[in-house]
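# A look at the structure
This is what each chain is made of:
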Amino acid sequence: MINRPFDIETEPSLRHAIELAPENAANYEKLALLLEISGRRNEAEHFRRAAVSRNAASQQLRLNLADHLADSHKEEDLAEAKAIYLDALNSTPTHYAAWNNLAKLLFKTGYTSAAQTAYSAAIAYCPDDAKLHANLAQVLLYREESDAAEKHFIEALALDPALTEAHQGLACIFYRKNDEEKARYHRDKGYGGQAIVTSAWHGHNKPVPLLILASAMEGNLPWRLLTDDALFQSTVATVEYLDRPQKLDLASYRLIFNVIGDADLCMTGLEMANNLAAKASAPVINMPAAVLRTGRLENSLRLSRLPGVKTPRMTAISKTDLGSGSAMQKLTENGLAFPLLIRAPGFHGGHHFVRIESPDKLHEIAQGLPGDSLLAMEWLDSRNDDALFRKYRVMAIDGVLYPLHMAVSAQWKVHYFSSDMADNLSYRAQEQAFLEDFTAAMGEKALSALERIAQTLELDYCGIDFGLDKSGRVLLYEANATMAIVPPGHEKHWDYKRASIDKALAAVKKMFAKRIVPPA
């Protein structure tokens, strides 16, 4: 928000001032700010519009209205806010605060490339603002441009050494680089003393307090699209840092959402979250104890017993064993042969995940992966007669399955963001058929297997990534609570996906609403 240049007076005095001087725009704006702070957004918007109508030439008043509308979830409000920002920048291209707030709106609505451009423009006009650099870095990190993100996070800290967002971002980057010493340093700086953060309230009535249990590591589910900001006021508790120095009042929350999803990376955090959940009286979505059982190795064992499910054979191997040569014996004992998949636990998105064709390459390639222990995994071949790989994602939400996406690729490592879906009409048609008639696309055998997987996981919210073999058996790649529901890009060729995304998001929000414990 752009800073307001006045002190807030009492509501009765401001209403009296408006009666005495009904054309004084400043009094309307002051009252609007007071109403907004108290959560009365509809009234606040009325008085903001009244202020603008009385001083239409004031760019600041119009920008204040845009800021208010940008906090909405209504498409018409967001479109109006965007138009006001663009109009202001057309007349004053150097208005860096308008660039910044436009960038926030663009990022919120999925225009990540445009958000990056807008933040870059803001920095061009105000290069010494640490938060602008951190905001741009967050977008770059989201877009997997880690080197550029690191540069701007470092610049942010040069301008403000205490900026927590920059430390938190660098902790992620150095973790991905396998520099645990630097990652830990920045985690301590980013979360120490900042373990409990409550968001601003933008609703219209009294909010429902929602507690988010999160980790300082990278194993959290991206959760903000799943919660209704018009209903909940969210407090994020970073569990590993709750003892320094803030304390958590569990009794004050009416719903708890554990967003720690990676059991391999966040075991300590999940154990801490589990202790908190055991003391809470409010319902907990995604109990940490259930998430703890979703590590890759444990999933490969327990889900392999389900009819219609094939999980990869898997074993943990240490780099020490690789160096001594005993690794080959262990692989053979576990029924593993080449080609073989090796991955570093705790990483997603294809990071530190390789296919090794022959034993002579095993030691060399594995040494380049982070960590002391690696997972050796059987390669499951999901190719059909056309020699293409397909990976499906289905969400399990409150016990019901929702198809989310299908990616087609000529490469064995299938990820939606790196596949050819955007450029291939035939691939998109196949995905559309999967989304529009999930049961027919899967077949009863696969559908029953997926239902068994969801029941076994005992999670309120999770994703299942899988392929299908030629007999219709589910080839399970991954099943856990880290998988996000991400709206597609704004290009028209993604329109066929929107109904499925909206249906899954609506199911999550419906589940949240029905789980809320009534007020005492």
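This section reports on the structure supplied with the text. Numbers given for residues are sequential positions, taken from 1 along each chain in its written order. For this predicted model, a pLDDT threshold of at least 70 governs which residues receive local features, and a threshold of 80 or more governs which side-chain atom pairs are given and counted, while totals over whole chains, interfaces and linings are taken from all residues. Computation of side-chain values: all heavy atoms of the structure, hydrogens and water removed.

### Brief notes about the overall build of the protein
Scanning the protein from N- to C-terminus turns up 21 helices and 14 strands. It is over C-alpha atoms that the radius of gyration is taken, and the globule rule equals 2.2 Å times the number of residues to the power 0.38. Rg of the C-alpha trace for the protein: 25 Å, near the compact-globule value of 24 Å for 520 residues, within the 12% margin. Referenced to the eigenvectors of the C-alpha coordinate spread, the extents of the protein come out at roughly 85 × 50 × 50 Å. Of all 520 residues assigned to the protein, the portion counted as buried reaches 51%. Of the contacts formed within the protein by residues at least 6 apart in sequence, a portion of 62% connects residues at least 24 apart. To qualify as a helix, a DSSP run of H or I must reach at least 4 residues; to qualify as a strand, a run of E must reach at least 2; elements of each kind are numbered from the N terminus. Here's how the labels work: a residue is buried when its accessible area is under 20% of the maximum for its type, exposed when over 50%, partly exposed in between, all with a 1.4 Å probe on protein chains only. Should any heavy atoms of two residues lie within 4.5 Å, those residues are considered in contact.

### Quick look at the packing of aromatic side chains
Aromatic rings considered in pairs are described by the distance between their centres and by the relative angle of their planes. Only the six-membered ring of Trp is used, alongside the rings of Phe and Tyr, when aromatic pairs are assigned; centres must lie within 6.5 Å, and planes under 30 degrees apart are stacked while those over 60 apart are edge-to-face, with the rest tilted. Enumeration over the complete set of coordinates arrives at 11 aromatic pairs. Between W379 and F389 the ring centres are 6.2 Å apart and the planes differ by 55 degrees, which places this aromatic pair in the tilted class. Of the two residues, W379 sits in the loop between strand 10 (373-378) and strand 11 (389-397) while F389 sits in strand 11, which places them 10 residues apart along the sequence. On the basis of relative accessible area, F389 is assigned to the buried category, the value being 6%. The structure contains a cluster of three or more aromatic residues connected by ring pairs, namely Y392, F434, F438 and F466. The criterion for a charge sitting over a ring is simple: Lys NZ or Arg CZ within 6 Å of the ring centre, and within 35 degrees of the ring normal. Above the face of the Y111 ring, K82 is positioned so that its terminal group lies 4.9 Å from the ring centre. Its end group placed over the ring of F353, R343 keeps NZ or CZ at 4.0 Å from the ring centre.

### Notes on the pattern of salt bridges
Side chains carrying opposite charge are able to pair once their charged atoms draw close together. What counts as a salt bridge is simple: a side-chain nitrogen of Lys or Arg found within 4 Å of a carboxyl oxygen of Asp or Glu. The final tally for this structure, using the stated rule, is 32 salt bridges. Taking the shortest distance from any N to any O, the salt bridge between R390 and D386 comes out at 2.6 Å. Here R390 falls in the buried class, since its relative accessible area comes to 13%. When its relative accessible area of 39% is taken as the criterion, D386 is described as partly exposed. Among the ionic pairs, D398 bridges to K514, the shortest N-O distance being 2.7 Å. Separated by 116 residues along the polypeptide, D398 in the loop between strand 11 and strand 12 (400-409) and K514 in helix 21 (residues 495-515) bring together distant segments of the chain. Of the residues examined, D398 reaches a relative accessible area of 29% and is grouped as partly exposed. Residues participating in the shared-partner salt-bridge network are E11, R15, R40 and E43.

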